Amino acid sequence: MSEFSGKKVLVTGASRGIGRAIASAFADRGGVVSIVYRSNSASAEQARLALAGDGHVCIQADVSNGDGARRAVEHSIDALGGLDIVVNNAGIFTTHSIDEVDFDDWQSAWCAVIDTNLIGPAHVCYFAAQHMMKHGGGKIVNVSSRGAFRGEPDGPAYGASKAGLNSMSQSLAVALAPHGIFVGVVAPGFVDTDMAAELLHSDTGDEIRNQSPLGRVARPEEVASAVLFLASEGAEFATGAIIDVNGASYLRS
Ligand code: NAD
């Protein structure tokens, strides 16, 4: 029997990049996936059709606000007939260097990034936990970033949002363990996706790749592997863990 056979899995931002790889990895192992996407319905549908197995759905929801987070979770539960695993993967990065932007741009970057990367996942966790607490528990995995530890000088709101996501996940790991809900975090370094494409194809691309002794950045599938581990049977005692997937480019103590 496949490892995630019949498990109902919600993945935010799953129409492309890391989220799509996570959705594929669950589907390959028997999971039934709700692809939550913000706006690109064609790309979400394409991702759904490429998944192994049947029963996968696409749900449109902007998870950066409470209504969208509620919609993502409730519509997924209705469409899948339950919810066992939630992956908060959706995220944005914006450049807002403090020595370059005016205050309006600074303020709007902070609001957008914190809403999407921290408050949105908090709300998704809230609605998912209400369901899981009544239905025998579940797993939540949040996708953070190396930037939470290493700093993001050109995108300080991004680093702060991911540090907040780590802290929130660890608090919820404690709060939800008595309810049989286990919460983990995966913190990638650079990953070969559209989000990082501009930098990876710029003059600094080689410098970025050489941050790792492997001389490359991560593939989305490598991030998916860590997510699957945290969501797997037997990994419950890893609740509260933050798994680095950064090719030893940044070693924290
Ligand atoms: P991506 O930009 O390719 O994909 C992100 C997806 O999230 C997109 O489909 C986007 O539409 C969706 N999304 C964004 N805001 C949303 C919202 N409000 N509601 C619903 N969906 C929304 O990025 P990616 O590289 O696949 O990144 C996935 C996650 O991994 C993000 O949380 C990101 O911060 C994190 N991460 C990425 C890298 C990297 O180098 N690519 C490194 C570390 C961490």
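Up top is the structure these notes are about.
1. Here we look at the site of the ligand
Taken together, 27 residues form the shell around the ligand, and within it Arg-16, Asp-62, Asn-89, Tyr-158 and Thr-193 come nearest. Interatomic distance of 2.8 Å between a backbone N/O atom of Ile-18 and an oxygen atom of the ligand. In the environment of the ligand, a nitrogen atom lies 3.0 Å from a nitrogen or oxygen atom belonging to the backbone of Val-63. Those elements that place two or more of their residues in the shell around the ligand are helix H1 (17–28), helix H6 (156–176) and helix H7 (194–200). Classifying every residue of the shell around the ligand by side-chain character gives 12 nonpolar, 11 polar and 4 charged.

2. Description of the environment of Ile-114
Mapping Ile-114 onto the fold places it in helix H4 (residues 103–134). A sequence separation of 50 residues divides Ile-114 from Ser-64, and the C-alpha atoms of the two residues are 8.6 Å apart. Discounting chain neighbours no more than four positions away, the residues touching Ile-114 are Ile-119, Ala-157 and Ser-161.

3. Examining the side chain of His-131
Note on placement: His-131 falls in helix H4. The buried category is assigned to His-131, whose relative accessible area is 13%. At a separation of 3.4 Å, a polar atom in the side chain of His-131 contacts the main-chain amide nitrogen of Leu-83. Among all residues touching His-131, those that are not within four sequence positions of it are Ile-77, Gly-82 and Leu-83.

4. Structural notes on the nonpolar core
Most often, soluble globular proteins keep nonpolar side chains buried together rather than apart. Ranked by internal contacts, the top residues of the largest apolar core, which has 32 residues, are Ile-22, Phe-26, Val-33, Val-87 and Val-186. Every element with two or more residues in this core is listed here: strand E1 (8–12), H1, strand E2 (32–37), helix H2 (41–49), strand E4 (85–88), strand E5 (138–143) and helix H9 (220–231). Once you skip the residues sitting within four places of it in the chain, Val-87 turns out to touch Leu-10, Val-11, Thr-12, Ile-22, Phe-26, Val-141, Val-143 and Val-227. One finds Val-36, Val-73, Leu-83 and Ile-181 within the second-largest nonpolar core, a separate group that totals 30 residues.

5. So, H1
Compared with an ideal rise of 1.5 Å per residue, which puts 12 residues at 16 Å, H1 spans 17 Å between its outermost C-alpha atoms and is within 8% of the ideal. Here H1 has its buried residues at Ile-18, Gly-19, Ala-21, Ile-22, Ala-23, Ala-25, Phe-26 and Ala-27. On its buried face, H1 sits against E1, E2, E4, E5 and H9. Immediately downstream of H1, the backbone of Gly-30 shows phi near 95°, a positive value.

6. Considerations on the packing of aromatic side chains
How two aromatic rings sit relative to each other is set out by the distance from centre to centre and by the angle between their planes. Within this structure, the stated rule accounts for 4 aromatic pairs. With a centroid separation of 5.0 Å and an interplanar angle of 70°, the aromatic rings of Phe-93 and Tyr-158 are classed as edge-to-face. Within this pair, whereas Phe-93 is found in the loop between E4 and H4, its partner Tyr-158 is found in helix H6, the two being separated by 65 residues in sequence. Judged by its relative accessible area of 31%, Phe-93 is partly exposed. You can call Tyr-158 buried: its relative accessible area is 8%. Positioned above the aromatic ring of Phe-149, the side-chain terminus of Arg-252 is 4.1 Å from the ring centre.

About the criteria used
- Residues numbered from 1 in each chain as written.
- Predicted model: local features only at pLDDT ≥ 70, side-chain atom pairs only at ≥ 80, totals over all residues.
- Heavy atoms only, no water.
- Near = heavy atom within 4 Å.
- Polar contact = N/O pair within 3.5 Å; in protein donor to acceptor, adjacent residues only side chain to side chain.
- Helix = DSSP H or I, 4+ residues; strand = E, 2+ residues; numbered from the N terminus.
- Nonpolar A, V, L, I, M, F, W, Y, C, P; charged D, E, K, R; others polar.
- Contact = heavy atoms within 4.5 Å.
- Buried < 20%, exposed > 50% of the residue type's maximum accessible area, 1.4 Å probe, protein only.
- Core = buried A, V, L, I, M, F, W, Y, C linked by side-chain atoms within 4.5 Å.
- Expected span 1.5 Å × (residues − 1).
- Phe/Tyr/Trp six-rings, centres within 6.5 Å; stacked < 30°, edge-to-face > 60°.
- Lys NZ or Arg CZ within 6 Å of the ring centre and 35° of its normal.

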